[in-house]
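Listed below are the residues making up each chain.
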Amino acid sequence: MTLSIRTLLYDVLLLLELGLFFLFFAPLFLRIFNAGNLFGMAVSAICFLLTLFHRPFGQLLSRIWGNLCGKCVLSILALLLTAGIAFAGFCSIKMVQYYQNPPQTPCTVVVLGCKVKGTVPSLMLQRRLEAAKDYLQQHPDIPCIVSGGKGTGEDISEAQAMKTYLTAAGIAADRILMEDRSTDTHENLLFSKQILEQQGLPNRITILTDGFHQYRAHRMATELGLESWSVSGKTRRILIPTYWVREWMALFEQFLGMAQKFLYFYAFHSGHLVKIK
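Residues numbered from 1 in each chain as written. Predicted model: local features only at pLDDT ≥ 70, side-chain atom pairs only at ≥ 80, totals over all residues. Heavy atoms only, no water.

**Section: the overall build of the protein chain**
Spelled out, the test is: In this text, helices come from DSSP runs of H or I with a minimum length of four residues, and strands from runs of E with a minimum of two, each type numbered from the N-terminal end. Working definition: with a 1.4 Å probe on protein chains only, accessible area under 20% of the residue-type maximum means buried, over 50% means exposed, and in between means partly exposed. Contacts are residue-level and defined by heavy atoms, with any inter-residue pair within 4.5 Å sufficient. Computed with a 1.4 Å probe, the accessible areas rest on the Shrake-Rupley method; for each residue, only the protein chains presented here act as cover. In this tally, Lys and Arg are treated as positive and Asp and Glu as negative; His is ignored, and so are the chain termini. The atom standing in for a charge is NZ when the residue is Lys, CZ when it is Arg, CG when it is Asp and CD when it is Glu.
In terms of helices and strands, the protein chain carries nine helices and seven strands. If one aligns the C-alpha atoms of the protein chain with their principal axes, the spans along those axes are about 70 × 55 × 40 Å. Evaluated residue by residue, the protein chain yields a buried proportion of 38% over its 277 residues. For the protein chain, the proportion of contacts with a sequence separation of at least 24, taken over those separated by at least 6, is 69%. Of the roughly 16,300 Å² of accessible surface on the protein chain, a fraction of 66% belongs to carbon and sulfur atoms. Both charge centroids of the protein chain, one from 26 positive and one from 19 negative side chains, sit 8 Å from each other.

This is the structure in structure tokens:
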């Protein structure tokens, strides 16, 4: 490969990495800052610097690789990086699969809450509610549970804000059941399940949230004994990368929790569990 072509490829790579950085930086203009765009900006900035200083970096790697300890460290880092990429790829495939998966036979809709500004649903929650409104209008015989408690900076519960929005959009109030105690996705589904049982409704639900959130919500629903499908609100495109990456982290935490439960169960039943005083 000639020097000019190699230089051109490095320039293109630098532009792509810079573009990726600003893709994760852009949500800051909408006052959205979370682990997703922080991680995305950090990774893209590191890749940019490694590409920009690829020669000294390559020389450093060669020196580290020159001894046994260095080989071990670099090999471990390479394995961790490969495992991380594989995990992100697996999660992304599953997230795409559950992005839109409506049931053939309509069932109770559970709308998962999101930020409320005072008494007004945030833009993300409004998009979920618009999708809920359309689905409920298409299926006028099914009930709806709006799920979300009252968080910081919210004058009313997310459930109340959602019910007000949907009734103003023409959905009959007697079709809407409120779950206004939950503080996270697990509680959304747990408390909604209790409402299903109280109302004598089947444990079959259509989860309505943003598409990137559906796979994790489905996993939680399955753990609670709920049969679930998905209908998703439209997420603003500029926000998808940030929330997609944040969802990888949430899924990693969820899988870690499952592993801990498995190890505890194994230790308890194999007699290896030691009581800590």
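**Some details on the packing of aromatic side chains**
For clarity, the threshold we go by: Note on ring pairs: Phe, Tyr and Trp rings are taken, using the six-membered ring of Trp, and paired if centres are within 6.5 Å. Classes follow the plane angle, with under 30 degrees stacked, over 60 edge-to-face and the rest tilted. Our definition puts a charge over a ring when NZ of Lys or CZ of Arg is within 6 Å of the ring centre and also within 35 degrees of the ring normal.
A full pass over the atoms with the stated rule returns nine aromatic pairs. Judged by centre distance (5.6 Å) and plane angle (85 degrees), the ring pair of phenylalanine 25 and phenylalanine 29 falls under edge-to-face. Chaining the aromatic ring pairs together yields one cluster made of Phe21, Phe22, Phe25 and Phe29. A cation over an aromatic ring shows up here: arginine 181 above the ring of phenylalanine 191, its NZ or CZ 3.9 Å from the ring centre.

**Concerning the packing of helix α7 (residues 185–199) against helix α8 (residues 214–223)**
Quick note on the threshold: All axes are obtained by fitting lines to C-alpha atoms, using only the stretch in contact for helices, and the reported angles, taken between N-to-C directions, cover 0 to 180 degrees. Here the angle decides the label: under 35 degrees means roughly parallel, over 145 means roughly antiparallel, 65 to 115 means roughly perpendicular, and every other value means oblique. Left-handed describes a crossing in which the near helix is turned anticlockwise from the far one by less than a right angle; the clockwise case is right-handed.
At a minimum axis distance of 10 Å, the contact between α7 and α8 shows a crossing angle of 45 degrees. Classified by the angle between their axes, α7 and α8 sit oblique to one another. In terms of crossing hand, the pair formed by α7 and α8 is right-handed. For the pair α7 and α8, contact is made by Thr185, His186 and Leu189 and by Arg216, Ala217, Met220 and Ala221, respectively.

**Regarding unusual backbone geometry**
Located in the positive-phi region is arginine 31, a residue other than glycine, with phi close to 60 degrees. Examined against the element boundaries, arginine 31 turns out to sit in the loop between α1 (3–25) and α2 (35–52). Using a relative accessible area of 82% as the deciding quantity, one classes arginine 31 as exposed.

**With respect to the sheet that holds strand β4 (residues 144–147)**
Basically, it comes down to this: Here the rule is simple: two strands pair whenever DSSP picks up at least two bridges between them.
The parallel open sheet is built from five strands, whose spatial order is β5-β4-β1-β6-β7. Each edge of the open sheet carries a strand with a single partner, namely β5 (176–179) and β7 (227–233). Mean inter-strand twist for the sheet, computed between neighbouring axes without regard to direction, equals 25 degrees. Judged from the four bridges that link them, strand β1 (residues 108–112) and strand β6 (residues 204–210) form a sheet pairing that is parallel. Residue valine 111 lies in a different strand from β6, and its bridge partner there is leucine 208. The strands that helix α5 (residues 123–138) touches are β1, β4, β6 and β7; relative to β6, the one it contacts most, it runs at about 140 degrees. The strands touched by α7 are β1, β4, β5 and β6; relative to β5, the strand with the most contacts, the crossing angle is about 130 degrees.

**Digging into the packing of α5 against helix α6 (residues 158–168)**
How we decide: Each residue gets one label: Ala, Val, Leu, Ile, Met, Phe, Trp, Tyr, Cys and Pro are nonpolar, Asp, Glu, Lys and Arg are charged, and the others, such as Gly, are polar.
One can describe the packing of α5 onto α6 by two numbers: an axis separation of 10 Å at closest approach and a directional angle of 45 degrees. The pairing of α5 with α6 is recorded here as oblique in orientation. Helix-helix and strand crossings are classified by hand; for α5 and α6 the assignment is right-handed. Within the contact between the two elements, α5 uses Leu125, Gln126, Leu129, Glu130, Ala132 and Lys133 and α6 uses Met162, Tyr165 and Leu166. Residues that form the contact of α5 with α6 fall into these classes: six nonpolar, one polar and two charged.

**Here we look at the nonpolar core**
To be explicit about the condition: We define the nonpolar core as a collection of buried residues of types Ala, Val, Leu, Ile, Met, Phe, Trp, Tyr and Cys that are connected through side-chain atoms lying within 4.5 Å of one another.
By size, the foremost hydrophobic cluster in this structure holds 32 residues, and its most contacted members are Met95, Val109, Val111, Cys144, Val146, Leu166 and Leu208. Listing elements by their share of this core, those giving two or more residues are α4 (68–97), β1, α5, β4, α6 and α9 (240–269). For this core, the element with the most residues is α5, which contributes seven residues. Excluding anything up to four places from it in sequence, methionine 95 contacts Gly211, Phe212, Tyr215, Trp244, Glu247, Trp248 and Leu251.

**Some remarks on α8**
Counting buried residues in α8 gives eight out of ten residues, a clear majority hidden from the surface. Inspection of α8 places Gln214, Tyr215, Arg216, Ala217, His218, Arg219, Met220 and Ala221 among the buried residues, and these make up the whole buried set. One or two positions beyond α8, positive phi appears at glycine 225, with a value near 85 degrees.

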